[in-house]
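A look at the structure
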Amino acid sequence: MTTRRSIIRAGLLGSAILTGAVSYAPMAMAQEVVKIGLILPMTGPFASTGRQIEAAAKLYMAQNGATVAGKKIELIVKDDTGTPDVTRRLAQELLVNEKVSVLGGFGLTPLAMSTVPLATQAKVPMVVMAAATSMITEASPFVTRTSFTLPQAASVMADWASKNGVKKVVTLVSDYAPGHDAEKWFADTFTAAGGKVEASIRAPLQNPDFAAFLQRVKEAQPDALYVFVPSGVGATVMKQFVERGLDKSGIKLIGTGDVTDDDIINGYGDAAIGAITAHHYSAAHPSAKNKAFVEAFKKASNMRPNFMGVAGYDGMHLIYEALKKTGGTTDGTKLMDAMKGTAWESPRGPVSIDPETREIVLNMYVRKVEKVDGELYNVEFSTFEGVKDPAKKKK
Ligand code: PHB
């Protein structure tokens, strides 16, 4: 029978094809957005950390595209001025209003710690790209880190010093959590190797004046002064070191590499030549990957990258890799699981995220300040490979 039904079916089919033809027209599907919120000190005494990390994150996105696993990446940068209450408020806004999938940045330990409870409650990963006190990654299963820890740098510095003729040291650190880590891990390692810590001096973090402390150091006449101050503060120490005549008194300057930060070292003058530090990044690191990174960074931002910059760059890489592994899923627990064990070649050398502790594993280099082509650099001369955070190993 030529039935009504078949006529109706033909008609339906026809209209279906028609509708199909219409819907294939340029009705682009809205691409889903994944928001990454970076909270950084963009103003105030630690602004160089913010500038470095923001420039690095933007460079990473320019080089690798703003789409990962089919999702569009949106970077939101907020200035916390280096004040913990502001960091916490901004984190709350980013979590609640912007619905960010990842929080990153964190220029100082107190800023990172103020945000940990919020990220934990929201189950949103926190990628620490600057702050370096060991305990931060222990504070929550939602925290990982791409910077470094002070115990990693301090223990390597002490190991090297004890084997290279340094017997008597005075330590000088900023009086807050990372300074305490830097002091303890230097002293414990150095004294276990037979060295003597003559005095341990702590200077205030805010508006430090090192002159009186340095006078005490001069009188104690140690073989070396070991220094930790956070990135950005090194210039003050160096200036007063020279003003007090310590550079001419035969006291060696050693420390974690924060004091000879690449961002400011070139303004130190020749008095800084010969300072020996242990750290995970130097703009002079002699690899092809780093040469390309330094060149691109300078071209994009007019700055020499420092250890904060490289950690921001690697932080973005870790987030991109995790999103690739989850196929674009932004569930916080899945993203954290994806980050664990990730390994890659950074401009600073090979790095990975320890799957047990979520802490970065990296090479530590011993470096000496030298003049290269008329500019001051930290020139690496000894490598400690695959250094895990010793503060966690001891547990
Ligand atoms: C920190 O507050 O954890 C911190 C900041 C800057 C550094 C190192 C540690 O250079």
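Residues numbered from 1 in each chain as written. Predicted model: local features only at pLDDT ≥ 70, side-chain atom pairs only at ≥ 80, totals over all residues. Heavy atoms only, no water.

Description of the overall build of the protein chain
- Helix and strand counts for the protein chain stand at 12 helices and 15 strands.
- Seen through its C-alpha atoms, the protein chain measures out along the principal axes to roughly 110 × 45 × 35 Å.
- The 395 residues of the protein chain split such that 54% are buried.
- Within the protein chain, contacts between residues separated by at least 24 positions form 68% of all contacts whose residues are at least 6 apart in sequence.
- For the protein chain, the accessible surface area stands at approximately 16700 Å², while carbon and sulfur atoms represent 54% of it.
- Charge separation in the protein chain, taken as the distance between the mean sites of 45 positive and 40 negative side-chain charges, equals 6 Å. (Helix = DSSP H or I, 4+ residues; strand = E, 2+ residues; numbered from the N terminus. Buried < 20%, exposed > 50% of the residue type's maximum accessible area, 1.4 Å probe, protein only. Contact = heavy atoms within 4.5 Å. Areas by Shrake-Rupley, 256 points an atom, 1.4 Å probe, with all protein chains shown as cover. Lys, Arg positive; Asp, Glu negative; His and termini not counted. Charge placed at Lys NZ, Arg CZ, Asp CG, Glu CD.)

Some remarks on the packing of helix H2 (residues 47-64) against helix H10 (residues 307-326)
- Contact geometry of H2 with H10 gives a least axis separation of 7 Å together with a crossing angle of 40°. By the angle class used here, H2 and H10 are oblique. For the crossing formed where H2 meets H10, the hand is right-handed. Within the contact between the two elements, H2 uses Thr49, Gln52, Ile53, Ala56, Ala57, Leu59, Tyr60, Met61, Gln63 and Asn64 and H10 uses Met308, Gly309, Gly312, Tyr313, Met316, His317 and Tyr320. (Axes fitted to C-alpha atoms, helices over the stretch in contact; angles between N-to-C directions. Parallel < 35°, antiparallel > 145°, perpendicular 65-115°, else oblique. Left-handed = near helix turned anticlockwise from the far one by under 90°.)

Quick word on the side chain of Asn306
- By the secondary structure assignment, Asn306 is in the loop between helix H9 (288-301) and H10.
- Of the residues examined, Asn306 reaches a relative accessible area of 0% and is grouped as buried.
- A distance of 2.8 Å separates the side chain of Asn306 from the side chain of Asp261, its partner in a polar contact.
- Non-local contacts of Asn306, meaning those with residues more than four positions away in its chain, are made with Gln52, Ser231, Asp261, Asp262, Asp263 and Tyr281. (Polar contact = N/O pair within 3.5 Å; in protein donor to acceptor, adjacent residues only side chain to side chain.)

Notes on the confidence of the model for the protein chain
- Here the protein chain averages 92 in pLDDT, while 92% of its residues score no lower than 70.
- No element of the protein chain has a lower mean pLDDT than helix H1 (residues 4-23), at 45, and none a higher one than strand S5 (residues 126-128), at 99.
- With pLDDT under 50 throughout, residues 1-26 is counted as low confidence; its partners more than four residues away or in other chains account for zero contacts. (pLDDT = per-residue confidence, 0-100.)

Looking at the sheet that holds strand S3 (residues 71-79)
- Here six strands make up an open sheet; going across it, the order is S2-S3-S1-S4-S5-S6 and the pairing mixed. Strands at the two margins of the open sheet, each flanked by one partner only, are strand S2 (67-68) and strand S6 (143-145).
- Pairing of strand S4 (residues 102-105) with S5, which is carried by three bridges, proceeds in the parallel orientation. Looking across to S5, one finds that Gly105 is bridged to Val128. (Pairing = 2+ DSSP bridges.)

Considering helix H3 (residues 84-96)
- In a regular helix each residue adds 1.5 Å, so 13 residues correspond to 18 Å; H3 covers 18 Å between its end C-alpha atoms and thus fits that length.
- Those residues of H3 that fall on the buried side of the exposure criterion are Val86, Thr87, Leu90, Ala91, Leu94 and Leu95. The buried residues of H3 all sit within an arc of 165° when viewed along its axis, so they share a single face.
- Looking at the packing, one finds that the buried side of H3 touches strand S1 (33-40), S3, S4 and helix H4 (109-122). (Expected span 1.5 Å × (residues − 1). Arc of directions from axis to C-beta.)

Some points on the site of the ligand
- Taken together, the neighbourhood of the ligand is formed by 14 residues, with Thr109, Ala132, Tyr176, Ser231 and Asp258 sitting nearest.
- With respect to the ligand, the backbone of Ala132 contributes an N or O atom lying 2.8 Å from an oxygen atom.
- Within the backbone of Ser231, an N or O atom sits 2.9 Å from an oxygen atom of the ligand.
- Against a free-state accessible area of 280 Å², the protein chains account for coverage of 99% of the ligand. (Near = heavy atom within 4 Å.)

What about the nonpolar core?
- Phe186, Phe210, Leu225, Tyr226, Met316 and Ile319 are the most contacted members of the largest nonpolar core, which has 103 residues in total.
- Per-element accounting of this core gives the leading share, 10 residues, to H10.
- Membership of the second largest hydrophobic core comes to 20 residues, among which are Ile39, Leu94, Ala112 and Ala119. (Core = buried A, V, L, I, M, F, W, Y, C linked by side-chain atoms within 4.5 Å.)

Considerations on H4
- For H4, spanning 14 residues, the distance from its first C-alpha to its last is 20 Å, which sits close to the expected 20 Å at 1.5 Å a residue.
- At Val116, H4 shows its maximal kink, close to 35°; a proline, Pro117, follows between one and four residues later.
- Among the residues making up H4, those that are buried are Thr109, Leu111, Ala112, Ser114, Thr115, Val116, Leu118 and Ala119.
- In this structure, the buried residues of H4 make contact with H3, S4, S5, S6 and helix H6 (177-192).
- Backbone geometry just after H4 places Lys123 at a positive phi near 55°. (Bend = angle between axes of the 7 residues up to and from the residue.)

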